[in-house]
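Results of the structural survey
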Amino acid sequence: MLLGIPVIHSKEFSTEKSQKCIVSIGDNMIRKKIAQRLGGGFHLAIHLQTIISKFATLGEGTVVAPGAIINVDASIGKHCIINTAAIVEHDCVVEDYVHLSPNCALAGGVKVGEGTHIGIGAKVIQGITIGKWATIGAGAVIIKDVPDYAVVVGNPGTIIKSKKNI
């Protein structure tokens, strides 16, 4: 039990039972594989101390931590982690399996591709597109579009490698 909620080890979980769950694994790729294997029937976990516009949408299996803010017309995909005090401004699109670390901020109109991880305290200016399965380092400031699989660090954000061949 964790805070009164049953924690089921993967070996105990059965897809034959009608169990709703949240896949609580931090690694975006592993979370995707497990969620796909389970197939469906996922909860949302939204902390009471969040601000979420009634005009925002959240996909199944997504977790929103305390202090997070999701503004008008933002779209959050399936199985995302919107961590403590993360900010998703108006008109952002966050695709499936994304992890927004604590205190990161997406300005208006940002698009974040599937499986991307944005590190603690990172900032992304308005209108930027970040590709799929990218990694944005802690504290990075993103002022230019980021391609798929890129690893970006620093201020301003600089690509240091690609994960495509990893």
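See above for the structure.
As a starting point, this report considers the structure included with it. Throughout this description, residue numbers start from 1 for each chain and increase along the sequence as written. Selection of residues for local features in this predicted model requires a pLDDT of at least 70, selection of side-chain atom pairs for listing and counting requires 80 or more, and totals for whole chains, interfaces and linings are taken over all residues. Just so you know, side-chain values use all the structure's heavy atoms and leave hydrogens and water out.

**Notes on the layout of surface pockets**
The following threshold applies: Throughout, the protein atoms alone are placed on a 1 Å grid, and a set of points is a cavity if a 1.4 Å probe fits but cannot get out or a pocket if it is open with protein on both sides within 12 Å along at least five of seven lines; lining residues have an atom within 4 Å of a point. Grid points are joined across faces, edges and corners, and a volume is the space filled by probe spheres set on the points.
Space inside the second largest pocket adds up to approximately 160 Å³. Around the second largest pocket, the lining residues are Asp27, Asn28, Met29, Gly115, His117, Trp133, Thr135, Tyr149 and Lys163.

**Some words on the side chain of Lys32**
For the record, the criterion: A helix here means a DSSP run of H or I that spans at least four residues, while a strand means a run of E at least two residues long, and both kinds are numbered starting from the N terminus. Contact definition: two residues touch when any of their heavy atoms are within 4.5 Å.
Among the structural elements, Lys32 can be located in helix 1 (residues 28–38). Those residues in contact with Lys32 that lie beyond four places of it in its chain are Tyr97, Glu114 and Trp133.

**Examining the pairing of strand 18 (residues 150–153)**
Convention followed: Only strands joined by at least two bridges in the DSSP assignment are considered to pair.
With 2 bridges joining them, strand 16 (residues 135–136) and strand 18 adopt parallel strand pairing. In the sheet register, Thr135 faces strand 18, and the bridge partner there is Val151. Sheet analysis places strand 18 next to strand 19 (residues 158–162), joined by 4 bridges and oriented antiparallel. The residue bridging Val153 from the neighbouring strand is Thr158, located in strand 19. What sits between the antiparallel neighbours strand 18 and strand 19 is a turn of 4 residues, in which Gly154 has the positive phi angle 90°.

**Some points on the side chain of His79**
As for its position among the elements, His79 is in the loop between strand 6 (75–76) and strand 7 (81–82). Look past the residues within four positions of His79 in its chain and what remains in contact with it is Arg31, Ala35, Phe42, Glu60, Gly61, Thr62, Tyr97 and Val98.

**Examining the nonpolar core**
For clarity, the threshold we go by: Take the buried residues of types Ala, Val, Leu, Ile, Met, Phe, Trp, Tyr and Cys, join any two whose side-chain atoms come within 4.5 Å, and each joined set is a nonpolar core. Remark: exposure states derive from per-residue accessible area (1.4 Å probe, protein chains only) relative to the maximum for the residue type, with buried under 20%, exposed over 50%, and partly exposed in between.
Within the largest apolar cluster, 30 residues are counted, with the highest numbers of intra-cluster contacts made by Ile82, Val88, Leu100, Leu106, Ile118 and Ile136. Residues contacting Val88, with those up to four places away along its chain left out, are Ile69, Ile70, Asn71, Ala74, Ile76, Ile82, Val94, Leu100 and Leu106. Core analysis: the second largest hydrophobic core is formed by 6 residues, Val23, Ala35, Leu38 and Phe42 among them.

**Topic: the sheet that holds strand 2 (residues 51–52)**
Strand order in the open sheet formed by 6 strands is 2-5-8-11-14-17, with parallel pairing between adjacent strands. On the outer flanks of this sheet lie strand 2 and strand 17 (141–142), each paired with one strand and no other. Here strand 2 pairs with strand 5 (residues 69–70) via 2 bridges, running parallel. Pairing of Ile52 across the sheet is with Ile70, part of strand 5.

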